[in-house]
Amino acid sequence: MGDLHKRIPITHWTMFIATFAIAGIPPFAGFFSKDEILWQTWSSEGGAYRLLWFIGYATALMTAFYMFRLMFLSFHGKPRMSHEVEHHIHESPKSMTLPLIILAICAVSAGWLGWPHSLGGSNRFEKFLEPVFAREATVFQAEGESAQLASGKKEEEHTSPIEYLLMIMSIGAAVAGFGMAWKAYRYAGKGYAEPIAEKAPAVYAVLLNKYYVDEGYDYAFTGRRKVGNKRLGVLGLGEASSWFDLHAIDGTVNAAGGMTRLSGKISSWWDRWVIDGVLVNGPATLSRMVSYPTRLLQWGLVQWYALVMVIGLVGFVFYYAVR
């Protein structure tokens, strides 16, 4: 909304304190935890994790930048809300502001429990957690003391100059993040443009779309977005399963049914025309055809036989007479 620092002052100042803590500016709480993490990634295991230090340092710089960006865009600059919304802005009730104040006090002072040895502290919080993170524990009996579980002997504390250098660089990252945010957003008004959008539109597009993680997830896992005309992920697997069921499973079943129907038709045709038609009915038909002329002469009637004989005699007489 912008320009909220005068309208909701308690929320503004508690948020401002929290921003200093998260950005890692001393003596706020976040500084001690951030410094301890960066120092351990640099010094542990003879420097085996120094790549993590560079990642952590870049993250600290970005954290400081986007937190102060949030502060400037929300609470400072020119108002960007509508007039209707502006009239309804008011401070939160005590049920909200009191917890904010308590958290702000903790953001200022909680880190003092871990005040490092390099700055003259005793790091009480680290000592409190020593039994939890001890690499090895031994059971020992001391004179006048009962048996107890304790961590291995703690090495004598030595402060390296590099730790102070890394501490200064850590603070420098927080200050640099604040400076970049202050330069870019302190006068942000309605219709302001992101500086990175003007100078590097491609980078801004990547950041605006959150490195396209959601889009990649939709392409690779859910399948809501197509790669060309194909889907991957769950939806793609569903479509592939549906295609396989329709064309492979159902196709095989339907092909088996079609082959069964075809073989049935061929078997029926063979049985009707070859078995019954040729092998069974064929001889009977042939016998009927061959016996037909004989049946014309062999009627079993004496009168018919006498008529045939008379016709035969008349025929012979006529033949010889004409000849």
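Residues numbered from 1 in each chain as written. Predicted model: local features only at pLDDT ≥ 70, side-chain atom pairs only at ≥ 80, totals over all residues. Heavy atoms only, no water.

**Details of helix α2 (residues 29-43)**
Over its 15 residues, α2 extends 22 Å from the first C-alpha to the last, a length consistent with the 21 Å expected when each residue adds 1.5 Å. Among the residues making up α2, those that are buried are A29, G30, F31, F32, K34, D35, L38, W39, T41 and W42. (Helix = DSSP H or I, 4+ residues; strand = E, 2+ residues; numbered from the N terminus. Expected span 1.5 Å × (residues − 1). Buried < 20%, exposed > 50% of the residue type's maximum accessible area, 1.4 Å probe, protein only.)

**Here's the deal with the nonpolar core**
Counting 20 residues, the largest nonpolar core has F20, A23, I25 and F68 as the members making the most contacts within it. Every residue in contact with F20, bar those within four places of it in the chain, is listed here: I25, F28 and F68. Among the nonpolar cores identified, the runner-up in size contains five residues, and L38, W39, W42 and L166 belong to it. (Core = buried A, V, L, I, M, F, W, Y, C linked by side-chain atoms within 4.5 Å. Contact = heavy atoms within 4.5 Å.)

**Regarding helix α1 (residues 9-23)**
Spanning 15 residues, α1 covers 21 Å between terminal C-alpha atoms, matching the ideal 21 Å at 1.5 Å per step. Burial in α1 covers these residues: T11, H12, T14, F16, T19, F20, A21 and A23. Tucked inside the fold, the buried residues of α1 contact α2, α3 (50-75), α5 (94-109) and α7 (161-185).

**Some details on the pattern of salt bridges**
In this structure the tally under the stated criterion is five salt bridges. Its salt-bridge partner being D214, residue K210 comes within 3.2 Å of it at the nearest N-O pair. Salt-bridge contacts for D218 lead to R224; the nearest nitrogen and oxygen are separated by 2.7 Å. A relative accessible area of 57% places R224 in the exposed class. Several salt bridges share partner residues, and in doing so they unite D218, R224 and R225 into one network. (Salt bridge = Lys/Arg side-chain N within 4 Å of Asp/Glu carboxyl O.)

**Structural notes on unusual backbone geometry**
Leaving glycine aside, a negative phi is the common case for residues, and trans is the common case for peptide bonds. P27 follows P26 through a cis peptide bond whose omega is 0 degrees. Note on placement: P27 falls in the loop between α1 and α2. Of note, K210 is a non-glycine position whose phi angle comes to about 55 degrees, a positive value. With respect to the secondary-structure elements, K210 resides in the loop between α9 (201-208) and α10 (213-222). Its identity is not glycine, yet Y212 carries a phi of approximately 60 degrees, on the positive side. On the accessibility criterion, Y212 (37% relative accessible area) is partly exposed.

**Quick look at the packing of α2 against α7**
Two elements in contact, α2 and α7, have axes separated by 10 Å at closest approach and are oriented at 130 degrees. Viewed along their axes, α2 and α7 adopt a mutual orientation that is oblique. α2 and α7 meet at a crossing whose hand is right-handed. Taking contact as the criterion, the partners of F31, K34, D35, L38, W39 and W42 in α2 are, on α7, I162, E163, L166, M167, S170, I171 and A174. Of the residues belonging to the contact of α2 with α7, the class tally is nine nonpolar, one polar and three charged. (Axes fitted to C-alpha atoms, helices over the stretch in contact; angles between N-to-C directions. Parallel < 35°, antiparallel > 145°, perpendicular 65-115°, else oblique. Left-handed = near helix turned anticlockwise from the far one by under 90°. Nonpolar A, V, L, I, M, F, W, Y, C, P; charged D, E, K, R; others polar.)

**Quick look at the packing of aromatic side chains**
Inspection of the entire model under this criterion finds 13 aromatic pairs. Aromatic side chains W53 and Y57 sit 5.1 Å apart centroid to centroid with 15 degrees between the ring planes, which places their arrangement in the stacked category. Residue W53 and its partner Y57 are located together in helix α3, separated by four residues, close to a single helical turn. Here the guanidinium or amino end of R50 rests over the ring plane of W42, the centre of that ring lying 4.4 Å away. Above the ring of W182, the side-chain terminus of R186 is found at 3.9 Å from the ring centroid. (Phe/Tyr/Trp six-rings, centres within 6.5 Å; stacked < 30°, edge-to-face > 60°. Lys NZ or Arg CZ within 6 Å of the ring centre and 35° of its normal.)

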